[in-house]
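Results of the structural survey
Listed here are the chains, written in short residue letters.
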Amino acid sequence: MSENEIGEEQLREKILELTKLYYQKKFKPVPFQPGDRITYAGRVFDERELVNLVDSSLEFWLTAGHYVDRFEKEFANFLGIKHCSLTNSGSSANLLAFSSLTSPSLGDRRIRKGDEVITVAAGFPTTVAPIIQYGAIPVFVDVTLPTYNIDCERLELALSDKTKAVMIAHTLGNPFDLQKVKDFCDKHGLWLVEDNCDALGAKVLYNSEWRFTGTIGDLGTSSFYPPHHMTMGEGGAVYTKNTRLKKLVESFRDWGRDCWCPSGKDNTCGKRFDQTFGELPPGYDHKYVYSHFGYNLKVTEMQAAIGCAQLEKISSFIDARKRNWNKLKEGLQSLEKYFILPEATPNTDPSWFGFLLTVREDAPFTRDTIVSYLEERKIQTRMLFAGNLIKHPCFDEFRETGTGYRVAGDLANTDIIMNQTFWIGVYPGLQDSMLDYVIKQIYSFCNK
């Protein structure tokens with residue numbers, strides 16, 4: 001049979017079979033050898049991701065399509081949440097979650113410029129950036145060791161008559177005390193945004209029921225950047241049980257438009273030319289009516305295609321992270337005289353993103369010396385992101401003027417993290433032999 005005689009479906013099947021073969025040739029993992037680089041994180045995939053990616057490309061539907069619809073439904077089902085809205089990154093997910101709470105349609109509960117939002121400085125900047133960018137005031141609260149999460153005893157201290165929300169992350173897969181934080185928010189009528197980007201699959205005991213993190217606050221967010229629990233390359237999601245917030249998130253994501261027609265669809269509501277908005281002429285095309293100052297933060301079909309294959313593996317990814325974290329905790333237990341070892345928050349089942357080590361004040365070495373030692377031996381390390389965000393150059397102007405943020409109490413533990421803490425990986429691509437090598441090298445350093 002000549003190529004001209006091969007049907008479209010037969011040709012497609014042939015391409016996808018060759019894609020599987022290409023994966024085996026190009027990407028099949030190889031056993032670890034001492035001296036190989038041990039990364040803190042990385043993508044873990046097989047031929048299914050590659051097949052989905054090629055399959056979606058053959059459609060050449062480059063924006064959101066059936067893979068996006070499928071992922072949003074399956075991801076929401078996994079979490080047990082009503083709505084999931086895909087976006088182009090976890091940072092965009094945080095921006096959209098916060099932006100939705102600034103909508104005029106929320107009336108008195110709307111976050112306005114000058115309102116305050118309780119958060120922490122020991123984390124990743126994109127949890128805080130949306131607050132700053134909008135003109136609201138972040139109020140920083142210290143964290144506790146060894147959970148590295150917000151000190152709930154200081155929440156009331158951070159409260160003022162301007163407080164409108166709490167927006168914090170579950171640190172490296174270890175949930176913060178959601179029962180205390182949510183009860184605090186409910187008591188004072190505050191929004192709660194859970195930055196769940198480092199904790200996908202973690203669970204908490206909330207009102208005597210085990211629930212996934214990200215599903216208890218008003219909004220939850222995820223990132224699908226390669227180091228995270230699953231990947232699309234780039235990508236993120238906002239999820240909520242509140243249909244009104246879901247529509248607001250998607251309005252801000254899709255240029256701020258009022259219309260909710262999916263890409264490539266017209267007149268889903270049947271009233272495209274039959275409504276009046278603002279001071280526009282009656283019947284103005286609803287596809288071009290804007291109720292917010294929004295963005296274009298949509299995901300592509302090819303990203304979602306990868307995500308659908310990754311989602312099939314998410315439970316095994318979470319199990320592997322827990323197993324690797326436990327192996328490190330057991331292997332390093334006898335070094336507690338040198339390190340503060342991490343602990344899970346009570347009444348939680350973490351989905352670990354990394355293994356945190358804080359060098360004790362009286363240790364005969366510093367964080368920087370052990371990090372240098374490990375990096376020289378090709379063991380990748382990371383800081384706990386910003387350490388203390390308000391010490392960074394992006395806060396120079398605020399420090400000079402004494403405006404733009406507030407600290408409730410002190411940030412003593414946050415400063416300890418900035419100076420003495422680092423972490424190593426637990427991602428599913430780590431082989432037991434790699435973890436054994438990491439443990440051996442840390443012991444070797446401490447014994448010197």
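See the structure printed just above.
Computed from a predicted structure; not experimentally measured.

1. Details of the overall build of the protein chain
On a plain count of helices and strands, the protein chain comes out with 14 helices and 14 strands. Computed over its C-alpha atoms, the radius of gyration of the protein chain comes to 24 Å, within 12% of the 22 Å expected for a compact globule of 448 residues. The C-alpha extent of the protein chain, read off along each of the three principal axes, is 75 × 75 × 45 Å. Contacts in the protein chain between residues far apart in sequence, at least 24 positions, make up 74% of those at least 6 positions apart. Summing over all exposed atoms, the protein chain offers an accessible surface of approximately 20,600 Å²; the carbon and sulfur share of this is 51%.

2. Overview of the nonpolar core
Formed by 33 residues in total, the largest nonpolar core has its most connected members in Phe339, Phe355, Leu357, Phe365, Ile370, Phe422 and Ile442. Listing elements by their share of this core, those giving two or more residues are α10 (314–332), β12 (354–359), α11 (367–376), β14 (421–425) and α14 (432–447). Of all the elements, α14 adds the most residues to this core, at 8 residues. Among residues more than four places away in sequence, those in contact with Leu357 are Tyr148, Leu332, Phe339, Ile340, Leu341, Gln420, Thr421, Phe422, Ile424 and Ile442.

3. A closer look at the packing of aromatic side chains
The tally for this structure, following the rule as stated, stands at 25 aromatic pairs. Relative to Trp352, the ring of Trp325 has its centre 4.0 Å away and its plane inclined at 0°; by these criteria the two rings are stacked. In this pair, Trp325 is assigned in helix α10 and Trp352 in the loop between β11 (348–349) and β12, connecting sequence segments 27 residues apart. Pair check on accessibility: Trp325 and Trp352 agree, each one buried. Each residue in the set Tyr40, Phe124, Phe353, Phe385 and Trp423 is aromatic and connected to the rest through ring pairs, giving one cluster. Stacked on the ring of Trp191, the Lys or Arg Arg109 has its end atom at 3.7 Å from the ring centre.

4. Concerning helix α7 (residues 178–188)
Note that an α-helix has 3.6 residues per turn; residues three or four places apart therefore point the same way. Every buried residue of α7 is accounted for by Leu178, Val181, Lys182, Phe184 and Cys185. Looking down the long axis of α7, one finds its buried residues gathered within 155° of arc, a one-sided arrangement. In the core, the buried residues of α7 are packed alongside β2 (116–120), α6 (155–158), β4 (163–169), β5 (191–195) and β6 (203–206). The first or second residue beyond α7 is Gly189, which carries a positive phi of 65°.

5. Comments concerning the sheet that holds β11
Spatially, 3 strands are ordered β7-β6-β11 in an open sheet, and the strand pairing comes out antiparallel. Pairing within the sheet leaves two strands with one partner each, and these edge strands are β7 (209–212) and β11. Across 4 bridges, β6 lies against β7 in antiparallel orientation. The residue bridging Val204 from the neighbouring strand is Arg211, located in β7.

6. Things to note about the pairing of β12
Most of β12 sits out of view: 6 of its 6 residues are buried. One ladder, built from 5 bridges, connects β12 with β14; its direction is antiparallel. Counted as the bridge partner of Gly354 is Gly425 from β14.

7. Some words on the pattern of salt bridges
For the structure shown, the criterion picks out 28 salt bridges. Across the pair Arg253 and Asp254 runs a salt bridge, and its minimum N-O distance is 2.7 Å. Here Arg253 falls in the buried class, since its relative accessible area comes to 10%. Here Asp254 falls in the buried class, since its relative accessible area comes to 7%. In this structure, Asp266 and Lys287 form a salt bridge, with 3.4 Å as the shortest nitrogen-oxygen distance. With a gap of 21 residues between them, Asp266 in the loop between α8 (243–253) and α9 (301–311) and Lys287 in the loop between α8 and α9 connect regions that are remote in the sequence. Overall, the relative accessible area of 17% leaves Lys287 in the buried class. Several salt bridges share partner residues, and in doing so they unite Asp46, Arg48, Glu49, Arg70, Glu74, Glu312 and Lys313 into one network.

Quick notes on the rules
Residues numbered from 1 in each chain as written. Predicted model: local features only at pLDDT ≥ 70, side-chain atom pairs only at ≥ 80, totals over all residues. Heavy atoms only, no water. Helix = DSSP H or I, 4+ residues; strand = E, 2+ residues; numbered from the N terminus. Rg over C-alpha atoms; globule rule 2.2 N^0.38 Å. Contact = heavy atoms within 4.5 Å. Areas by Shrake-Rupley, 256 points an atom, 1.4 Å probe, with all protein chains shown as cover. Core = buried A, V, L, I, M, F, W, Y, C linked by side-chain atoms within 4.5 Å. Buried < 20%, exposed > 50% of the residue type's maximum accessible area, 1.4 Å probe, protein only. Phe/Tyr/Trp six-rings, centres within 6.5 Å; stacked < 30°, edge-to-face > 60°. Lys NZ or Arg CZ within 6 Å of the ring centre and 35° of its normal. Arc of directions from axis to C-beta. Pairing = 2+ DSSP bridges. Salt bridge = Lys/Arg side-chain N within 4 Å of Asp/Glu carboxyl O.

Purely geometric stuff here, so don't read any function into it on its own.
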